[in-house]
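One letter stands for each residue in the lines below.
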Amino acid sequence: YIYTRFYFIPDICSIYFVYFVEPIAFNVYNTHDLRIDRNTHLNVVYNAVYSNHGNAYNPVNGFLTAPSPGLYVFSWTSCVPPKKMFDAEILVNGNRKGLGNCNNEGGSGNANCGNTVPLLLETGDKVNIRTVVADYLFGGGWSSFKGWKV
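Summary of the structure given here. Predicted model only: the values in this text are computed from it and were never measured.

## Some words on the pattern of salt bridges
For the coordinates displayed, the defined rule picks out 5 salt bridges. A salt bridge links Asp 33 to Arg 35, with the nearest nitrogen and oxygen atoms 3.7 Å apart. For Asp 33, a relative accessible area of 27% corresponds to the partly exposed category. Here Arg 35 falls in the exposed class, since its relative accessible area comes to 61%. Measuring nitrogen to oxygen at the nearest pair gives 2.9 Å for the salt bridge that ties Arg 38 to Asp 135. Highlighted residues: Arg 38 in the loop between strand S4 (34-35) and strand S5 (48-53) and Asp 135 in the loop between strand S12 (126-134) and strand S13 (136-137), separated in sequence by 97 residues. Judged by relative accessible area, Arg 38 falls into the partly exposed class, the value being 27%. Given a relative accessible area of 12%, Asp 135 falls into the buried group. Overlapping salt bridges, with partners in common, bring together Arg 38, Glu 105 and Asp 135 in one network.

Parameters and conventions
- Residues numbered from 1 in each chain as written.
- Predicted model: local features only at pLDDT ≥ 70, side-chain atom pairs only at ≥ 80, totals over all residues.
- Heavy atoms only, no water.
- Salt bridge = Lys/Arg side-chain N within 4 Å of Asp/Glu carboxyl O.
- Buried < 20%, exposed > 50% of the residue type's maximum accessible area, 1.4 Å probe, protein only.
- Helix = DSSP H or I, 4+ residues; strand = E, 2+ residues; numbered from the N terminus.

Dropping the structure here:
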């Protein structure tokens, strides 16, 4: 959103226009572990909010809706226990724009994986994280999704 304010300063008979853009940035996480069927495509809903400047992210459905066009950057992290995996994709309007792999099937300790993707969005575009092949994701703040408009 772009806001305009003007100021009149009588001593010098000038009008100043100031333009500023409301920041769009969010940082969200899961409060609970996700246990899912490995081959089920699931929209991941990060239900707890650290911050949501501009209120573009919806913690009820897991989608960010772009309030204005421009370049956005998104990042997600996945924490997975041993013998589990969480491969996920980032979607824009249902179309894949990036993948994140967190395969810990052979691991003996927890794995923490992440990915970052810059995306050019239009007003109203919807962005979300969806599982590709996954069976477990730690909650409690260990797995998160964040993004901001550049």
